[in-house]
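# Architecture at a glance
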Amino acid sequence: MSQKDWPLWEVFIRSRQGLDHKHVGSLHAADARMAMENARDVYTRRLEGVSIWVVESKNIHASNPDEAAQFYDPAEDKAYRHPTFYNVPDDIEHM
Amino acid sequence: MTNEEIFEKKIQDDVRIEPKDWMPEAYRKTLIRQISQHAHSEVVGMLPEANWITRAPTLRRKATLLAKVQDEAGHGLYLYSAMETLGMPRAQAIDDLLSGKAKYSSIFNYPTLSWADMGTIGWLVDGAAILNQVPLCRTSYGPYARAMVRVCKEESFHQRQGFEIMQSLSQGSAEQKAMAQDAINRWWWPTLMMFGPRDAESGNTELSMKWRIKRFTNDELRQKFVDMMVPQAQHLGLSIPDPRLKWNEEKKGYDFGDVDWNEFWKVVKGQGPCNKQRLEARNKAHDQGAWVREAAAAYAEKRAKRAQLGASA
Amino acid sequence: MNTLLDYTLHLADNQLILGQRLCEWCGHNFVLEQDIAMSNIALDLIGQARSYYQYAAKLDGKNTEDELAMLRGERDYKNLLLLELPNGDFAETLARQFFYDVFHLLQMEDHLTSSDESLRAIAEKAVKEVRYHVTWSSEWMIRLGDGTTESHTRIQKAVNKAWMWTGEMFKASAFEGDLASKKIISDPKQFKLSWDQRVQAILSEATLKLPLEEPYQQGGKDGIHTEHLGFILAEMQSLQRTYPGLSW
């Protein structure tokens with residue numbers, strides 16, 4: 001490569017007050033301030049956002065798909081965590 | 001199940017493949033090739049239209065054309081981002097573009113000679129691009145599909161922008177009508193070439209279909225495009241430069257003439273009217289910006305060091 | 001003389017000519033993210049230019065927005081000379097932008113209290129855009145000034161080169177003088193002190209020096225331009241001049 005890229009940043013946008021920030025994509029920038037401005041210019045041109053988070057991609061730790069089974073499958077048989085698991089008489093209200 | 005079987009099953013069940021999932025090396029390579037070519041096309045594709053921003057005939061047209069070309073930069077960026085999730089750095093992909101190793105859509109190797117070309121590119125060329133791109137919103141690789149959803153959303157204003165220009169011209173003076181017709185005459189065949197070689201000669205199609213990277217073949221999309229565009233051209237009162245174009249009641253579609261495949265391959269291999277010019281422009285921009293990229297990186301490093309010193313003091 | 005019309009055209013021409021210069025960068029920028037950022041600034045400026053031309057068309061009562069932009073010649077254009085200077089390298093584009101942005105913001109802040117309703121309305125929208133422009137160009141001035149030896153040399157050279165053209169911003173033309181006397185706007189010389197302070201603050205952070213000599217050149221507001229403007233207009237107006245009276 002003739003030259004290295006500026007670092008890669010992941011961009012998260014809150015589209016409206018009251019909503020979570022959501023991952024929208026990535027971009028390159030030399031520093032956090034530039035990443036923020038680039039995110040504004042690239043990802044909010046059509047009023048897509050009211051708040052931006054940028055995180056340098058190298059700081060994101062992702063779970064490993066190889067561990068998916070041990071991570072997520074054990075939750076499958078714990079139906080008692082959901083309200084529908086329990087019997088409540090029909091004439092009980094507000095529960 | 002083996003990795004391979006899990007992967008195949010996901011493809012069969014239309015479950016998206018995500019960056020850290022196991023995938024066959026050939027799948028990764030095919031995707032890197034296709035996504036980077038797609039990104040390069042967006043970036044090189046800025047040039048023929050940027051050629052007319054400073055000459056747009058009204059301020060409204062200037063603003064909309066600039067916004068459109070800006071979107072193309074954005075599309076390039078979304079696509080490079082998707083590509084980077086496969087482990088290919090953007091700098092390396094751009095190096096491949098600048099050295100002439102990587103390909104991009106040949107349509108951008110044709111010159112934009114009049115204002116009507118802005119209308120024709122928006123209407124015809126973007127029309128073709130949209131047909132190619134809409135199915136990609138459901139492509140099997142998650143980041144690519146998500147980038148395409150964003151691209152397609154933005155793309156819909158592009159085609160309208162082009163059609164509106166064509167409409168003004170076709171309802172305008174004799175000179176304007178002639179300008180519009182001349183543009184269609186020059187762009188029609190290169191646009192049909194955008195769908196790629198005939199299915200029988202397309203080396204990549206079969207695997208790409210199997211892996212659901214691609215969802216329609218080149219010839220299927222080309223037919224769809226002709227069927228879609230003929231009525232629109234009629235609406236504009238402009239003719240399509242193909243004497244063999246004829247409605248076929250039996251197949252409920254148009255029969256049309258043969259693309260000049262000799263020209264197609266010549267342009268792909270570098271002999272189009274603007275291949276060199278486009279690459280030179282990109283190389284010049286890249287080289288002349290080297291000092292700026294270095295400066296910003298150097299400043300970021302200095303500032304990080306100062307912050308560290310400040311924190312430890 | 002309709003001084004309000006002249007002033008509105010001056011404002012319109014400022015934004016259009018600088019916007020047009022920034023359009024030249026589109027597709028030719030050194031990083032994709034920067035291409036998008038600079039096109040955003042250009043779009044802000046062209047949008048502002050349109051608002052001013054539309055207002056001017058109303059004041060003038062004879063010409064449309066596009067006729068004012070596309071059919072006036074060099075001697076009728078009233079933009080600042082600084083804004084028509086060629087892009088040069090990124091440093092020259094940036095120095096031009098930065099000097100203007102800081103002035104432009106002061107001007108828009110002043111218009112927020114103008115007694116002219118239209119100028120005020122345009123400023124209310126523009127001031128937010130221009131505030132971002134100042135942030136953007138200030139940060140880049142610092143990055144280049146305090147970046148590498150090469151970037152420092154280039155941006156210092158660009159500052160020196162653009163400097164001579166900055167004085168014009170603060171010298172009231174006849175139309176500005178008249179409007180200032182009617183309290184519609186402030187005399188631009190009143191912006192000079194704040195401009196100096198804001199520019200100086202960024203430049204010292206960027207480890208750059210301001211030239212010492214008095215910036216001398218002027219004429220744009222009266223239609224006496226550099227050799228560059230003729231080419232900008234020749235390009236920008238070519239379709240309207242070749243095919244007069246058509247709609248596009």
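Residues numbered from 1 in each chain as written. Chains lettered and ligands numbered in written order. Predicted model: local features only at pLDDT ≥ 70, side-chain atom pairs only at ≥ 80, totals over all residues. Heavy atoms only, no water.

### Brief notes about the overall build of chain C
A tally of helices and strands in chain C yields 11 helices and zero strands. Shown N-terminal to C-terminal, the secondary structure of chain C runs as helices and strands in the order α-α-α-α-α-α-α-α-α-α-α. For 248 residues, the compact-globule estimate of 2.2 N^0.38 gives 18 Å, and the C-alpha radius of gyration of chain C, at 18 Å, lies within 12% of that figure. Across the 248 residues in chain C, those meeting the buried criterion constitute 63%. (Helix = DSSP H or I, 4+ residues; strand = E, 2+ residues; numbered from the N terminus. Rg over C-alpha atoms; globule rule 2.2 N^0.38 Å. Buried < 20%, exposed > 50% of the residue type's maximum accessible area, 1.4 Å probe, protein only.)

### Quick look at helix H6 (residues 116–133) of chain B
Residues and elements named next belong to chain B. Helix length check: H6, at 18 residues, gives a terminal C-alpha distance of 24 Å against a target of 26 Å (1.5 Å per residue), a fit within 8%. Of all the bends found along H6, the most pronounced is centred on Asp 126 and spans about 30 degrees. A large share of H6 lies buried, amounting to 17 of its 18 residues. (Expected span 1.5 Å × (residues − 1). Bend = angle between axes of the 7 residues up to and from the residue.)

### Things to note about the interface of chain A and chain B
Often, the extent of an interface is quoted as the loss of accessible area on bringing the components together. Across the contact, 22 residues belong to chain A and 26 residues belong to chain B. The interface formed by chain A and chain B contains five salt bridges. Where chain A meets chain B, there are nine residue pairs in polar contact (both at pLDDT 80 or more). Among the secondary structure elements, those contributing two or more residues to the side of chain A that touches chain B are strand E2 (21–28) and helix H1 (32–43) of chain A. Residues that form the side of chain A that touches chain B fall into these classes: 11 nonpolar, five polar and six charged. (Contact = heavy atoms within 4.5 Å. Salt bridge = Lys/Arg side-chain N within 4 Å of Asp/Glu carboxyl O. Polar contact = N/O pair within 3.5 Å; in protein donor to acceptor, adjacent residues only side chain to side chain. Nonpolar A, V, L, I, M, F, W, Y, C, P; charged D, E, K, R; others polar.)

### A word on the pattern of salt bridges
Tallied over the full model, the rule gives 49 salt bridges over all chains. Between Asp31(A) and Arg143(C) there is a salt bridge, with its nearest N and O atoms 3.2 Å apart. Taken together, the positions of Asp31(A) in the loop between E2 and H1 and Arg143(C) in helix H6 (residues 117–145) put the pair across two chains. Since its relative accessible area comes to 5%, Asp31(A) is described here as buried. A relative accessible area of 2% means that Arg143(C) is categorised as buried.

### Structural notes on the interface of chain B and chain C
Residue-level contacts link 47 residues of chain B with 48 residues of chain C. With both sides pooled, the region where chain B packs onto chain C buries about 4,000 Å², and carbon together with sulfur makes up 69% of that total. Between chain B and chain C we count three salt bridges in total. Ionic pairing is found between Asp146(C) and Lys302(B), a salt bridge with its closest N-O pair at 3.1 Å. Our count for the chain B to chain C interface comes out at 16 residue pairs in polar contact (both at pLDDT 80 or more). Among the elements of the structure, helix H3 (46–53), helix H4 (59–84), helix H7 (142–170), helix H8 (174–193), helix H12 (275–288) and helix H13 (290–312) of chain B are those that each provide at least two residues to the side of chain B that touches chain C. Counting residues per element, the side of chain B that touches chain C draws most heavily on H4(B), at 14 residues. Considered class by class, the residues forming the side of chain B that touches chain C number 27 nonpolar, nine polar and 11 charged. (Buried area = accessible area lost by both parts, 1.4 Å probe.)

### Some points on the packing of H6(B) against H8(B)
All names here are of chain B. Their axes nearest at 9 Å, the elements H6 and H8 cross at an angle of 30 degrees. The element H6 and its partner H8 pack so that their crossing is right-handed. Touching Ala 116, Asp 117, Thr 120, Ile 121, Trp 123, Leu 124, Val 125 and Ala 128 of H6 are Met 179, Ala 180, Ala 183, Ile 184, Arg 186, Trp 187, Trp 188 and Thr 191, all from H8. By residue class, the composition of the contact of H6 with H8 is 12 nonpolar, two polar and two charged. (Axes fitted to C-alpha atoms, helices over the stretch in contact; angles between N-to-C directions. Left-handed = near helix turned anticlockwise from the far one by under 90°.)

### As for the pairing of E2(A)
Both faces of the sheet carry side chains from a regular strand, because those side chains alternate between them. As paired strands, strand E1 (residues 8–14) of chain A and E2(A) are joined by seven bridges and run antiparallel to one another. Bridge pairing links Ile13(A) to Lys22(A) in E2(A). (Pairing = 2+ DSSP bridges.)

### Some words on a nonpolar patch on the surface
On the surface, Tyr80(A), Phe85(A), Tyr86(A), Val88(A), Ile92(A) and Met95(A) cluster together into a nonpolar patch covering about 670 Å² of accessible area. Inspection of the secondary structure puts Tyr86(A) in the segment after helix H2 (68–72). (Patch = residues over 30% accessible without salt bridge, like charges linked within 9 Å, V, L, I, M, F, W, Y side chains within 5 Å. Areas by Shrake-Rupley, 256 points an atom, 1.4 Å probe, with all protein chains shown as cover.)

### Here's the deal with H7(B)
Residue and element names in this part refer to chain B. Its 29 residues give H7 an end-to-end C-alpha distance of 42 Å, which sits within 8% of 42 Å, the value for a rise of 1.5 Å per residue. Where H7 bends most, the angle comes to about 30 degrees, and this point is Glu 154. Of all 29 residues in H7, 21 are buried; the element is thus mostly enclosed.

### Re unusual backbone geometry
All names here are of chain C. The backbone of Lys 183 sits at a positive phi, close to 65 degrees, despite the residue not being glycine. Within the secondary structure layout, Lys 183 lies in the loop between helix H8 (174–181) and helix H9 (192–205). A relative accessible area of 68% means that Lys 183 is categorised as exposed. Within the chain, Thr 207 stands out as a residue other than glycine whose phi angle is a positive 55 degrees. Structurally, the position occupied by Thr 207 is in the loop between H9 and helix H10 (228–236).

### What about the nonpolar core?
With 200 residues, the main nonpolar core has Trp115(B) and Phe90(C) as its most contacted residues. Element by element, the count of residues in this core is highest for helix H2 (residues 32–60) of chain C, at 15 residues. Not counting residues up to four positions away in its chain, the partners in contact with Trp115(B) are Trp52(B), Ala56(B), Pro57(B), Arg61(B), Leu65(B), Ile165(B), Leu169(B), Met179(B), Leu239(C) and Trp248(C). (Core = buried A, V, L, I, M, F, W, Y, C linked by side-chain atoms within 4.5 Å.)

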